[in-house]
Amino acid sequence: MNGPIRGWILYDADCPMCREMMRRFKNTFTSRRFAFAPLQLELKPGERPNEMRVRTADGRDFGGADAVLYLAGFVWWGRPLRWFAKLPGGKKVLRWLYHEIASRRSCDNGACVLPEARA
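Quantities reported herein were computed from a predicted structural model and do not represent experimental measurements.

> Any chance you could explain the packing of aromatic side chains here in plain terms?
Each aromatic ring pair is specified by the distance between its two centres and by the angle formed by the two planes. Using the criterion set out here, one finds eight aromatic pairs in the structure. When the centroid spacing of 6.4 Å and the interplanar angle of 65° are considered together, the rings of Tyr11 and Phe36 count as edge-to-face. One end of the pair, Tyr11, is in strand β1 (residues 7–11); the other, Phe36, is in strand β2 (residues 34–38), and 25 residues separate them in sequence. Centroid distance Phe25 to Phe29: 6.4 Å. Interplanar angle 50°. Geometry classified as tilted. Of this pair, Phe25 and Phe29 both sit in helix α1 (residues 16–30), four residues apart, roughly one helical turn. What makes Phe29 buried here is its relative accessible area of 6%.

What follows is the structure, given as structure tokens:
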């Protein structure tokens, strides 16, 4: 990593889908001066993560779809997502979509199944 860190990408380390996404994008974002860390490091006992987060070195905090949109600004292939977010209602749709995916994620061992997804 050349230069100061831009921020931290916090992910659910108990979720296989989340770990796989981290693995896939690790080189992309570490080369852009981001570090990865498990969300579990900052949660209270028994608390479950419900969305990924990005914490910037200058103190900004983004969660869920807003975190994805922030990171999309650092890669050329993220531009269409950012353009879509600028359309009327676009950001609302992306937030809804992120929430729908995150609320339905599940793990083989049940560790990261969110309560509302079990019903």
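Here the narrative resumes, following the displayed structure.
> Sorry if this is basic, but what is going on with the nonpolar core here?
A general tendency of soluble globular proteins is for nonpolar side chains to be buried together. Within the largest apolar cluster, twelve residues are counted, these being Ile9, Tyr11, Met22, Phe29, Phe34, Phe36, Met52, Val54, Ala67, Tyr70, Leu71 and Val75. Counting residues per element, the ones that place at least two in this core are β1, α1, β2 and α2 (64–72). With three residues, the top contributor of residues to this core is α2.

> Is there a simple way to think about the sheet that holds β1 in this case?
Backbone hydrogen bonds are what pair the strands of a sheet, in a parallel or an antiparallel way. Taken together, the four strands give an open sheet; going across it, the order is β2-β1-β3-β4, and neighbouring strands pair in mixed fashion. Single-partner strands in this sheet number two, and they are β2 and β4 (61–63). Recorded for the sheet is a direction-independent mean angle of 20° between the axes of neighbouring strands. Of the strands in this sheet, β1 and β2 are in contact with α1, which crosses β2 at around 160°.

Calculation criteria
Residues numbered from 1 in each chain as written. Predicted model: local features only at pLDDT ≥ 70, side-chain atom pairs only at ≥ 80, totals over all residues. Heavy atoms only, no water. Phe/Tyr/Trp six-rings, centres within 6.5 Å; stacked < 30°, edge-to-face > 60°. Helix = DSSP H or I, 4+ residues; strand = E, 2+ residues; numbered from the N terminus. Buried < 20%, exposed > 50% of the residue type's maximum accessible area, 1.4 Å probe, protein only. Core = buried A, V, L, I, M, F, W, Y, C linked by side-chain atoms within 4.5 Å. Pairing = 2+ DSSP bridges. Axes fitted to C-alpha atoms, helices over the stretch in contact; angles between N-to-C directions. Contact = heavy atoms within 4.5 Å.

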